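This is what each chain is made of:
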Amino acid sequence: MSHQLVIVLDFGGQYNQLIARRVRECGVYCEVKSYKTPIEELKKMSPVGIIFTGGPNSVYKDDSPTCSKEIFELRIPILGICYGCQLMAHLLGGKVTSAVTSEYGKTETYYDKSCAIFGAEDLPEKAISWMSHTDYIEKIPDGFKVTAHTDCCPTAAMECPERKLYAVQFHPEVNHTEHGAGMIDRFLKNVCGCVGDWTMEKYAETAIKNIREKVGDGKVLLALSGGVDSSVAAALLSKAVGDKLTCIFVDHGFMRKNEGDEIEQAFAGWGLNFVRVNAKEQFMSRMRGVSDPETKRKIIGEEFIRVFEQEAKKIGKVDFLVQGTIYPDIIESGTGDAAVIKSHHNVGGLPDHVDFKEIIEPLRMLFKDEVRALGRELGLADVLVNRQPFPGPGLAIRIIGEITDEKLEILQDADYIFREEIARAGLDKNIHQYFAVLTNMRSVGVMGDGRTYDYTLALRGVVTTDFMTADFAKIPYEVLEVCASRIVNEVKSINRVVYDVTTKPPATIEWE
Ligand code: XMP
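Note that the structure is a prediction, hence the values are computed from the model and not measured. (Residues numbered from 1 in each chain as written. Predicted model: local features only at pLDDT ≥ 70, side-chain atom pairs only at ≥ 80, totals over all residues. Heavy atoms only, no water.)

(A) Here's a closer look at unusual backbone geometry. In this model, Lys504 is joined to Pro505 through a cis peptide bond whose omega is -20°. Within the secondary structure, Pro505 sits in the segment after β18 (494-499). A cis amide bond, omega 10°, links Pro505 with the succeeding residue Pro506. The phi angle at Cys82 is positive, at roughly 50°, despite the residue not being glycine. By the element assignment, Cys82 lies in the loop between β4 (78-81) and α3 (83-91). A positive phi angle, close to 60°, is found at Lys164, a residue other than glycine. The topology assignment puts Lys164 in the loop between β8 (157-160) and β9 (165-168). (Helix = DSSP H or I, 4+ residues; strand = E, 2+ residues; numbered from the N terminus.)

(B) Structural context of the domain arrangement of the protein. Structurally, the protein comprises domain 1 (5-191), domain 2 (200-385) and domain 3 (398-499). On a C-alpha basis, the centres of domain 1 and domain 2 stand 39 Å from each other. Facing 8 residues of domain 1, the contacting portion of domain 2 comprises 9 residues. Considering only the side of domain 1, the residues that lose the most area to domain 2 are Gln17, Arg21 and Arg24, jointly responsible for 65% of the buried surface there. For the interface between domain 1 and domain 2, the tally reads 2 salt bridges. One salt bridge in this structure joins Asp369 and Arg21, with 3.7 Å as the shortest N-O distance. Our count for the domain 1 to domain 2 interface comes out at 3 residue pairs in polar contact (both at pLDDT 80 or more). Of all elements in the fold, only α1 (16-25) and β2 (29-34) reach the threshold of two or more residues within the side of domain 1 that touches domain 2. Here the side of domain 1 that touches domain 2 takes 5 residues from α1, the largest share from any one element. (Domains from an automatic or database assignment. Contact = heavy atoms within 4.5 Å. Buried area = accessible area lost by both parts, 1.4 Å probe. Salt bridge = Lys/Arg side-chain N within 4 Å of Asp/Glu carboxyl O. Polar contact = N/O pair within 3.5 Å; in protein donor to acceptor, adjacent residues only side chain to side chain.)

(C) Representation of the state of the cysteines. Enumeration according to the criterion identifies 0 disulfides in this entry. Unpaired in this structure, Cys192 has its nearest cysteine sulfur neighbour in Cys194, at a distance of 4.9 Å. You can call Cys192 buried: its relative accessible area is 11%. (Disulfide = S-S within 2.5 Å. Buried < 20%, exposed > 50% of the residue type's maximum accessible area, 1.4 Å probe, protein only.)

(D) Expanded view of the pairing of strand β1 (residues 5-10). Counting buried residues in β1 gives 6 out of 6 residues, a clear majority hidden from the surface. Both faces of β1 are covered, namely the face carrying Leu5, Ile7 and Leu9 and the face carrying Val6, Val8 and Asp10. Direction of pairing for β1 relative to β2: parallel, over a ladder of 6 bridges. In the strand pairing of β2, Val8 is matched with Val32. Once the chain exits β1 it traverses α1 before rejoining the sheet at β2, and the crossover so formed is right-handed. Pairing geometry for β1 and strand β3 (residues 49-52), over 4 bridges, is parallel. Considered in β3, the bridge of Ile7 is made with Ile50. (Pairing = 2+ DSSP bridges. Right-handed = clockwise from strand over helix to strand, strands pointing away.)

(E) Geometry of the nonpolar core. Counting 158 residues, the largest nonpolar core has Phe52, Ile71, Phe118, Phe254, Leu374 and Ile475 as the members making the most contacts within it. Ranked by the residues each element gives to this core, the list is headed by helix α6 (residues 228-241), at 9 residues. The next biggest cluster of nonpolar side chains, apart from the first, holds 6 residues, and it includes Val437, Ala458, Val462 and Ala470. (Core = buried A, V, L, I, M, F, W, Y, C linked by side-chain atoms within 4.5 Å.)

(F) Examining the sheet that holds β1 more closely. The sheet built from 9 strands is open, its strands ordered β2-β1-β3-β4-β9-β8-β7-β5-β6 with mixed pairing. Edge strands, defined here as strands with exactly one partner in the open sheet, are β2 and β6 (126-139). Taken over all neighbouring pairs, the strand axes of this sheet differ in orientation by 20° on average, direction set aside. (Axes fitted to C-alpha atoms, helices over the stretch in contact; angles between N-to-C directions.)

(G) Summary view of the pattern of salt bridges. Counted by the stated rule, this structure contains 34 salt bridges. For Lys257, the salt bridge identified is with Asp413, shortest N-O distance 3.1 Å. Note that Lys257 is positioned in the loop between β11 (245-251) and α7 (259-266) and Asp413 in helix α13 (residues 405-424), a separation of 156 residues in sequence. On the basis of relative accessible area, Lys257 is assigned to the partly exposed category, the value being 28%. Asp413 gets classed as partly exposed once you look at its relative accessible area, which sits at 23%. Between Lys314 and Glu311 there is a salt bridge, with the nearest N and O atoms lying 3.1 Å from each other. Here Lys314 and its partner Glu311 are both found in helix α9 (residues 293-315), 3 residues apart, which amounts to about one turn of the helix. With a relative accessible area of 63%, Lys314 lands in the exposed category. Through salt bridges that share partners, Glu420, Glu421, Arg424, Arg486 and Glu490 make up one connected network.

(H) Spatial organisation of the environment of Gly260. Secondary-structure assignment places Gly260 in helix α7. C-alpha of Gly260 to C-alpha of Arg460: the two residues are 200 residues apart in sequence and 22 Å apart in space. Aside from chain neighbours lying at most four places away, what touches Gly260 is Phe249, Asp251, Met255 and Arg276.

(I) Spatial organisation of the environment of Ile117. Take Ile117: it is sitting in the loop between β5 (95-111) and β6. Here the alpha-carbon distance between Ile117 and Ile184, two residues 67 residues apart in the chain, equals 7.3 Å. When neighbours within four sequence positions are excluded, Ile117 is seen to be in contact with Leu79, Tyr166, Val168, Met183, Arg186, Phe187 and Val191.

(J) Looking closely at the packing of aromatic side chains. According to the stated counting rule, one finds 18 aromatic pairs in the structure shown. Judged by centre distance (5.4 Å) and plane angle (65°), the ring pair of Phe11 and Phe52 falls under edge-to-face. Of this pair, Phe11 sits in the loop between β1 and α1 while Phe52 sits in strand β3, placing them 41 residues apart in sequence. You can call Phe52 buried: its relative accessible area is 0%. Measuring from ring centre to ring centre gives 5.8 Å for Phe11 and Tyr83, while their planes differ by 45°; the resulting arrangement is tilted. Of this pair, Phe11 sits in the loop between β1 and α1 while Tyr83 sits in helix α3, and the two are 72 residues apart along the sequence. Residue classification places Phe11 among the buried residues on the basis of a relative accessible area of 1%. Three or more aromatic residues joined by ring pairs make a cluster, and in this case those are Phe11, Tyr35, Phe52, Phe72 and Tyr83. One residue, Arg256, lies across the ring of Phe390, its end atom 4.1 Å from the ring centre. Here the guanidinium or amino end of Arg442 rests over the ring plane of Tyr455, the centre of that ring lying 4.6 Å away. (Phe/Tyr/Trp six-rings, centres within 6.5 Å; stacked < 30°, edge-to-face > 60°. Lys NZ or Arg CZ within 6 Å of the ring centre and 35° of its normal.)

Okay, here's the thing in structure tokens:
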């Protein structure tokens, strides 16, 4: 794939992925690379531009992340952001020191509109930028000119156009910076000369061609969960190799109401071998008497692999296994030593259990929004492309305590009503994940003239960008009222509905 490439050189900033996404949104392909990447390797990649990210350190400390000064001699345009801006100043002979007062948050910023990245009609001379820094540039390097300032910070941006070096102390990638996306776009198009030809249409074309060449007459196997990533991977592979692809969809019975059928229907007519294994009884029999969340997750994970393996054996020798790994997984795997809060079950991870020659990861360079765009491009059904995240163990971890057929049915029905009402209220695009949880608690109620003693159902809705932190969704009371009323009236054995108003942290999104 020969696209113009921009490198996002990562100095440990919290917004590194966001910068990369902004670049892609401008139609420009980019890759995130560690600041430790040797300069020779960077040169070999022939980037048309480089962006230095922010980072939590101070450039003047001995052990702080840095890069070879040679990078400035390559005649490749560079945009330094926050720490990257300070690093550029530091390495080129300027002076960076600790400020008396740090700048944090929305800050009024004055722009010099003669600068190539600011000089647009729509950018006023004074606008809000998002600042987050303690150090500041006391003296800019020789040959540079200040192009923005704030009331506290004399150098909020600087440039040396002759050397194509630009830097901003604030974060243009963050939405709070007014016209920030435009600044990145102008750096890419006007300074780096990017044409903006990174589209999912072209990506699909090239990926299909490459996969076809690689697979030849081989057999390809994919574990389909119905989630966005595995579904888009299946669509792409089936366009590339047709019936050489077999997708195994293990239906553990803990899917939402009608979901198993929807997934099956979405792939009807795609010309691939679609195997749906209805394994509900098998899973249920192993869940009897189990109420501990981690045990539930473990059993389902193990059983899943067992069923998948049995099915895979029937196909005979497989040459390629497809995994739906996406770019954030790759970026994050570099630093993955966080504590295990829940053992996530992911249908992507099966390589130890199935014999195959090679792994194909057709989405490994794509962000989630690009994966969805690709799915749309390939003509995949909306229910799959726009599907909200759904945990591998499914409703099994949304039924607190022991799982029974009855509880499963209650939850499926209640969850269906909740989703229906959220969609009816037009909130489904704004709430990133919403679902019902069947608590194991019963309480007293009154219905008609009689006493009831039934289950309490919890509703949960969250807004989030990365699912690592989340806020509860502020669903209007009127909508909640309709949901509660319909659920207690239409679903047997529920007499009370509550709404979960905790953020993550301290709570997690799922209850188990
Ligand atoms: P928590 O509950 O940890 O969830 O705040 C964060 C996100 O991950 C989803 N989730 C899972 N996804 N396999 C998955 O693929 C799992 O086992 C799993 N458990 C939780 C959860 O729905 C939320 O989007």
